[in-house]
Amino acid sequence: MRPTSRRAVLTSVAAVAGLPLLNDVAGRGHTAMAAPAAPTAVPQPSYASYTDLFNRKLHTEGKHWARRFRRVPFELIDNASATSEPIRSTAIIAPHGGGIEDGTSELCLAIAGYTLTGSGTTPPAPLPGVPQRDYWMFEGLEDSKNLHVTSTLCDDPAALHICGSSMYAVSVHGFDDGDAAKKIIIGGAAEDPDNPDLNHPVPGRPDKPLQLKKNLRAALARHYAAGGSDPARAVEIVIASPGHRLDGDDPDNIVNRTRTGFGAQLEISRGLRTAMFGDITSAAARRSTAGVGTRDESYFWNGLVNAVREAVDDYERGIVTA
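Please read all numbers here as calculations on a predicted model, not as lab measurements.

Draft legend 1. Just the packing of helix H6 (residues 211–224) against helix H9 (residues 297–317), in detail. The interhelical angle for the contact between H6 and H9, taken along N-to-C directions, is 145°, at an axis separation of 8 Å. The chirality of how H6 crosses H9 is right-handed. Facing Gln211, Leu212, Asn215, Leu216, Ala219, Leu220, Arg222, His223 and Tyr224 of H6, the residues of H9 in contact are Tyr299, Phe300, Gly303, Leu304, Asn306, Ala307, Val308, Glu310, Ala311, Val312, Asp314 and Tyr315.

Draft legend 2. Representation of the packing of helix H4 (residues 104–112) against H9 within the structure. Relative to each other, H4 and H9 sit at 45°, their axes nearing to 9 Å. It follows that H4 is oblique to H9 by the angle criterion. Judged by the twist between their axes, the crossing of H4 over H9 is right-handed. Two secondary-structure elements touch here, H4 through Glu106, Leu107, Ala110 and Ile111 and H9 through Trp301, Leu304, Val305, Val308 and Arg309. Of the residues belonging to the contact of H4 with H9, the class tally is seven nonpolar, no polar and two charged.

Draft legend 3. How the structure looks around the nonpolar core. Leu107, Ile184, Leu212, Tyr224, Met276 and Leu304 are the most contacted members of the largest nonpolar core, which totals 46 residues. If you tally residues by element for this core, the top one is H9, at 10 residues. Once you skip the residues sitting within four places of it in the chain, isoleucine 184 turns out to touch Leu220, Tyr224, Val235, Glu236, Ile237, Val238, Leu266, Glu267, Leu272 and Leu304. Core analysis: the second largest hydrophobic core is formed by 20 residues, Tyr50, Cys154, Cys163 and Ile254 among them.

Draft legend 4. Looking closely at the pattern of salt bridges. What the rule picks out here adds up to 17 salt bridges. The partner of arginine 67 in a salt bridge is aspartate 156, and the shortest N-O contact between them spans 2.2 Å. Of this pair, arginine 67 sits in strand E1 (residues 65–70) while aspartate 156 sits in the loop between strand E3 (135–140) and helix H5 (157–164); the two residues are 89 residues apart in sequence, bridging distant segments of the chain. When its relative accessible area of 29% is taken as the criterion, arginine 67 is described as partly exposed. Linking arginine 133 and aspartate 313 is a salt bridge whose minimum nitrogen-to-oxygen distance equals 2.6 Å.

Draft legend 5. Fine view of the sheet that holds E3. Read from one edge to the other, the open sheet built from seven strands follows the order E1-E3-E2-E4-E7-E5-E6, with strand pairing classed as mixed. Because the sheet does not close on itself, it has two edges, and the strands there are E1 and strand E6 (236–239). Sheet twist, expressed as the average angle between the axes of neighbouring strands with direction ignored, equals 15°. One ladder, built from four bridges, connects strand E2 (residues 90–98) with strand E4 (residues 168–175); its direction is parallel. Note that in E4 the partner of isoleucine 92 across the bridge is valine 170. Set on the sheet, H9 makes contact with E2, E4, strand E5 (183–187) and strand E7 (264–269); between it and E4 the angle comes to about 160°.

About the criteria used
Residues numbered from 1 in each chain as written. Predicted model: local features only at pLDDT ≥ 70, side-chain atom pairs only at ≥ 80, totals over all residues. Heavy atoms only, no water. Axes fitted to C-alpha atoms, helices over the stretch in contact; angles between N-to-C directions. Helix = DSSP H or I, 4+ residues; strand = E, 2+ residues; numbered from the N terminus. Left-handed = near helix turned anticlockwise from the far one by under 90°. Contact = heavy atoms within 4.5 Å. Parallel < 35°, antiparallel > 145°, perpendicular 65-115°, else oblique. Nonpolar A, V, L, I, M, F, W, Y, C, P; charged D, E, K, R; others polar. Core = buried A, V, L, I, M, F, W, Y, C linked by side-chain atoms within 4.5 Å. Buried < 20%, exposed > 50% of the residue type's maximum accessible area, 1.4 Å probe, protein only. Salt bridge = Lys/Arg side-chain N within 4 Å of Asp/Glu carboxyl O. Pairing = 2+ DSSP bridges.

Okay, structure coming up:
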């Protein structure tokens, strides 16, 4: 009787048991070795609120998202005769930071007067020579595009506290219309200077923008005027008309959930945000190349950051611009 090899026995057993043949396991037979199973994709829900996101735990803190904020009870003293100290009553927020709307986390920190650092590292440090303001941001770390919670559904406790403790807020957002246009759309709650108790526009009445929005438009136009007639440096700056999809005037919008019910929303086009960074493709790259590159990154980055700081400073001092 011919002896049976150990390999033959194992092959026979595998065939009976429905297991892969040895040649298949080794990837050397006529049948290719099966590819490893793909990693399970994270479900793609539409979250009804941040509370919904936090409690369903489909996306987890530290892996998929992070929230960062700073609330500082400033002790302010103004004893100078020739200058006025801004009272720092305006919070800066980025509801869709990180990879959700690229560049908005970095802009939020810079406008609020802090260095650019990532979550889980050394906290952002105050920048010398500029006022520091409270800030809050929700950041997408992974699977970011499925973490967009509409601003009117924002119920994050930290965001509610930061905005609810402030007289005003400025929110930084990004939009993408599929082109390279450099554009800023200024929205937020509106006020009627003839009726201070009327916080929001009513149907049939022309929208009279909050003075903070006017200050922002004037400061942005002034800072970007340095581009002259160069079309590559042109930035379009508009205040959203009533009913515009990005007007941001809903009282439930987190930027308007302040002590006064007023806030200003900055929607920044993808083309302009891209132009601010030498590399916008990752959080680490954005932090190291904000305003740094071989094109006009400094012009576009500094123009927006400095303009918003100036507009808020003036507004807090009682200075109004057209």
